[in-house]
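# Working through the structure, step by step
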Amino acid sequence: MPSAASVTDPGSSDPEGPAKRAAAETAAALVPKGCLLGLGTGSTVGFFLPALARRQLDCTCVATSPATAEAATALGLRVVPFDDIDHLDLAVDGADQVAPDGWLVKGGGGAHTREKIVAAAAERFVVMVSPDKLVAALHPPLPLELSAFGFAAVRRAVGRLGRVERRAGALSPQGGVICDLHVELSDPAGLAAALEAIPGVVEHGLFPPGLTSTLVVGQPDGTAQVVPFVDGRPTGEVWGALG
Ligand SMILES: O=C[C@H](O)[C@H](O)[C@H](O)COP(=O)(O)O
């Protein structure tokens with residue numbers, strides 16, 4: 001079975017590519033020399049990795065997916081097993097949705113379990129997005145990783161919260177089944193607690209406000225805004241254009 005996660009080719013025809021590149025290049029400029037760095041997964045990370053490699057910062061990296069590990073290693077970045085290091089200074093990743101109250105949805109590529117472990121272990125978590133990822137309110141679907149053992153029972157239990165759709169052929173690197181939950185996301189804290197109470201839910205894609213330190217919003221013109229989070233909330237006005 002294929003792994004769910006990928007780091008897509010930055011040269012692909014993604015219309016958000018220029019904004020993602022701007023966010024990624026600005027985020028790379030925030031990385032300190034010699035740091036212990038967690039690397040996320042996805043197309044924005046695909047822009048971040050070469051920008052990081054060009055800076056020659058001598059960082060030691062932990063990857064959140066085999067695809068990221070492979071891409072980073074090919075660029076000459078040092079990637080080590082997570083258990084070989086005792087802390088992470090920083091983690092840098094993309095996101096699928098960012099709400100003004102600081103909640104994120106991640107896992108569009110099914111990599112959210114490792115991404116959340118790495119983000120939670122890092123002293124700072126920098127999130128890079130194109131403007132389309134800024135939402136007034138989170139919306140479904142919500143990515144899930146469910147246990148392969150007892151999958152039918154776990155799916156039935158999660159199905160009491162909303163419709164569970166299995167992603168065809170998508171397994172996490174640790175063997176979990178990647179699904180999407182079609183459910184109202186107006187109470188992310190309540191939903192996160194409900195999911196975490198179900199045995200066999202390996203991880204869900206709701207990232208709570210306290211995880212993010214800095215949001216970098218790239219624009220198609222190559223500029224980017226760096227938005228610090230204070231007390232779990234973004235301090236900038238980047239949602240203004242949503243109306
Ligand atoms: O599982 C995938 C990750 O959570 C990605 O970071 C997220 O889906 C954003 O991906 P992209 O940078 O491709 O928009």
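Everything numeric here is computed off the predicted structure, so don't read it as measured data.

Conventions and cut-offs
Residues numbered from 1 in each chain as written. Predicted model: local features only at pLDDT ≥ 70, side-chain atom pairs only at ≥ 80, totals over all residues. Heavy atoms only, no water. Domains from an automatic or database assignment. Contact = heavy atoms within 4.5 Å. Buried area = accessible area lost by both parts, 1.4 Å probe. Salt bridge = Lys/Arg side-chain N within 4 Å of Asp/Glu carboxyl O. Polar contact = N/O pair within 3.5 Å; in protein donor to acceptor, adjacent residues only side chain to side chain. Helix = DSSP H or I, 4+ residues; strand = E, 2+ residues; numbered from the N terminus. Nonpolar A, V, L, I, M, F, W, Y, C, P; charged D, E, K, R; others polar. Buried < 20%, exposed > 50% of the residue type's maximum accessible area, 1.4 Å probe, protein only.

With that out of the way, let us pick up the domain arrangement of the protein chain. Often, the extent of an interface is quoted as the loss of accessible area on bringing the components together. Looking at the protein chain, the domain boundaries give domain 1 (17–136 + 208–234) and domain 2 (142–204). Domain 1 and domain 2 are separated by 24 Å when their C-alpha centres are compared. Counting residues at the interface gives 12 residues for domain 1, matched by 14 residues for domain 2. Between domain 1 and domain 2 lies a buried interface of about 1,100 Å² when both sides are counted; carbon and sulfur atoms form 62% of it. On the domain 1 side of the interface with domain 2, the three residues burying the most area are Trp103, His112 and Thr113, jointly 42% of the side's total. Applying the counting rule to domain 1 against domain 2 returns one salt bridge. A salt bridge links Lys116 to Glu203; its shortest N-O distance comes to 2.9 Å. On inspection of domain 1 and its partner domain 2, the count reaches eight residue pairs in polar contact (both at pLDDT 80 or more). A total of four residues in the side of domain 1 that touches domain 2 trace back to one element, the largest contributor, which is helix H4 (residues 112–121). Class assignment for the residues of the side of domain 1 that touches domain 2 results in three nonpolar, six polar and three charged.

Look at the link from Pro140 to Pro141: it is a cis peptide, with omega at 10°. Relative to the helices and strands, Pro141 is located in the loop between strand E7 (122–129) and strand E8 (142–146). Even without being glycine, Asp58 reaches a positive phi, approximately 55°. Along the chain, Asp58 turns up in the loop between helix H2 (43–55) and strand E2 (60–63). Judged by relative accessible area, Asp58 falls into the exposed class, the value being 51%. Look at Asp231: it is not a glycine, yet its phi comes out positive at around 50°. One can find Asp231 in the loop between strand E14 (224–230) and strand E15 (233–234). Owing to a relative accessible area of 77%, Asp231 belongs among the exposed residues under this scheme.

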